[in-house]
Amino acid sequence: MNFLPGLVTCLLACGQGPADRPNILFIMTDDHAAHAISAYGGKINRTPHLDQLAKEGVRLDRCFVTNSICTPSRAAILTGKYSHKNGVPVFNRFDGGQQTVAKLLQAAGYHTGMYGKWHLGSDPTGFDQWKILPGQGLYHDPVFYTATERKKEPGYCTDLITDFSIDFLDKRPKDKPFFLMCHHKAPHRNWQPRADKKAKWANIEVPLPETFDDVYTGKSDASREATMRVADHLTPNDLKEQPPEGLTGRDLKIWKYQRYMRDYLACVESVDDNIGRLLDHLDRQGLRDNTLVTYTSDQGFFLGDHGWYDKRFMYEESLKMPFLARWPGKIKPGTTSGDMVLNVDFAPTFLAAAGLPVPGDMQGQNALGVLAGNSPKGWRTDMYYRYYHYPADHRVQPHIGVRTLTHKLIHFNKIDQWELYDLTTDPREMRNLIHEPEQQAKAKELKERMLALKKELGDSDQFADQQPPSGVDGQPRNRK
Ligand code: CA
């Protein structure tokens with residue numbers, strides 16, 4: 001289908017010229033958990049610039065990822081579709097020929113840019129300007145790719161991506177609105193901070209999370225099988241120094257946690273500084289009032305929670321994405337929302353903000369009403385989740401699940417084991433209720449709902465057995 005004539009007709013009918021349409025600045029990080037943002041009540045660090053964004057806009061408290069891993073979340077965000085519809089359930093190559101939010105905005109007259117971590121295995125499509133890291137990229141003196149060149153850039157990755165984004169703003173055509181994706185690598189593993197931030201965090205004691213000593217009693221075998229325990233699976237490359245001699249047991253686990261968290265939070269601090277720098281630049285250009293600014297991360301992350309690092313599981317710390325949005329005059333300052341918004345909603349929301357129709361095959365919904373504090377009638381009260389990637393990299397069993405406003409049901413489908421949590425009484429998910437006699441009615445209700453959502457979303461297990469082709473790590477292949 002050719003979508004162009006429809007868009008042009010709509011724009012004319014809506015009377016919107018390019019100058020009336022808002023700019024969209026979409027800032028995303030990689031693996032930044034909401035509980036490492038002070039605006040979310042996080043107690044382990046301060047993020048003044050993100051907090052300022054929250055003060056000036058809305059904070060979503062139930063923003064969830066539909067498949068908690070980097071590449072699949074990015075594909076879901078671009079297409080507004082679940083993994084089984086966009087073809088990226090694991091680390092497989094994204095088909096850039098398909099419909100994306102960037103292409104639709106570009107076709108409607110937006111000047112589009114993408115800077116930083118892309119990690120989709122194919123080159124970006126739908127962008128007037130782009131400069132991306134190959135695969136995961138490096139923190140220090142990273143190589144970047146454009147459509148025509150491969151160049152090593154001296155400096156720190158988070159600073160560089162911000163520099164490129166600012167340059168895009170400076171050089172943009174002024175007669176067009178812009179759509180800018182500023183997508184940081186940080187704070188992805190293996191957490192390499194800038195030297196000054198590393199020094200600052202060197203002796204800070206980070207508080208332990210409540211579930212640090214979880215031993216997975218009553219849970220499925222999936223928790224025990226996962227190889228992402230702070231105590232056992234952080235590598236010398238992650239820790240970057242040898243533990244003090246003689247340290248064992250829980251003391252050694254705490255030492256590893258401190259090493260991990262200091263580097264992680266030092267990386268987050270550079271992210272926060274750079275968001276301040278980018279938003280200041282937006283202000284200096286007089287763009288504040290007509291720009292929708294959103295901040296998110298491609299998924300959440302375990303920060304020692306349940307004894308883990310990494311993500312993948314449908315548990316809250318991994319499922320929850322931070323999401324802050326500012327749009328003066330449209331979004332009330334200092335508000336929060338508990339409505340469920342999913343990563344597949346971002347594309348429809350950006351299109352709606354631009355006054356464009358949302359294509360019928362996008363599975364997400366326009367969440368502008370939620371952001372503005374006027375939730376649409378009949379807004380969703382539950383969500384469908386599916387994770388595929390196994391056994392690499394951390395032996396997290398594939399699973400399918402449903403989360404409502406109060407409960408969560410997870411089916412580890414390859415080993416046929418179930419978990420059920422009441423999030424109102426057990427928000428940390430420490431008590432699996434699946435075998436409790438009085439919970440069987442709830443379990444049955446949620447199982448039926450999960451299967452109904454699966455069917456409704458067109459998940460017919462088409463990717464149930466797909467795993468990444470060996471050697472593929474989101475690396476564009478047209479340059480060496
Ligand atoms: Ca990620």
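Residues numbered from 1 in each chain as written. Predicted model: local features only at pLDDT ≥ 70, side-chain atom pairs only at ≥ 80, totals over all residues. Heavy atoms only, no water.

**Comments concerning the packing of helix α2 (residues 48-56) against helix α11 (residues 249-284)**
Orientation of α2 relative to α11, taken along the N-to-C sense of each, is 50 degrees, at an axis distance of 7 Å. Between α2 and α11, the angle falls in the class oblique. Here Pro48, His49, Leu50 and Leu53 of α2 come into contact with α11, specifically with Asp272, Asp273, Ile275, Gly276 and Leu279. Residues that form the contact of α2 with α11 fall into these classes: 5 nonpolar, 2 polar and 2 charged. (Axes fitted to C-alpha atoms, helices over the stretch in contact; angles between N-to-C directions. Helix = DSSP H or I, 4+ residues; strand = E, 2+ residues; numbered from the N terminus. Parallel < 35°, antiparallel > 145°, perpendicular 65-115°, else oblique. Contact = heavy atoms within 4.5 Å. Nonpolar A, V, L, I, M, F, W, Y, C, P; charged D, E, K, R; others polar.)

**So, the coordination of the calcium ion**
Ligation of the calcium ion by protein atoms is provided by Asp30 (OD), Asp31 (OD), Cys70 (SG), Asp298 (OD), Asp298 (OD) and Gln299 (OE1), these donors lying 2.1 to 2.7 Å from the ion. Binding-site remark: the calcium ion is held by donors from one chain whose sequence spacing is D-D-x38-C-x227-D-Q. Note that cysteine 70 is positioned in helix α3 (residues 70-79) and glutamine 299 in the loop between β8 (291-297) and α12 (316-319), a separation of 229 residues in sequence. Each member of the pair, cysteine 70 as well as glutamine 299, is classed as buried. (Donors = N, O, S within 2.8 Å, 3.2 Å for Na, K, Ca; no water. Buried < 20%, exposed > 50% of the residue type's maximum accessible area, 1.4 Å probe, protein only.)

**Re the nonpolar core**
Judged by nonpolar contacts, the single largest core of 145 residues is most densely connected at Phe179, Tyr260, Tyr264 and Phe313. Examining the composition of this core, we find that 15 residues originate from one element, α11, more than from any other. The contacts of tyrosine 260, once residues within four sequence positions are left out, are Trp191, Val230, Leu234, Phe301, Phe302, Leu303, Gly304 and Tyr309. (Core = buried A, V, L, I, M, F, W, Y, C linked by side-chain atoms within 4.5 Å.)

Purely geometric stuff here, so don't read any function into it on its own.
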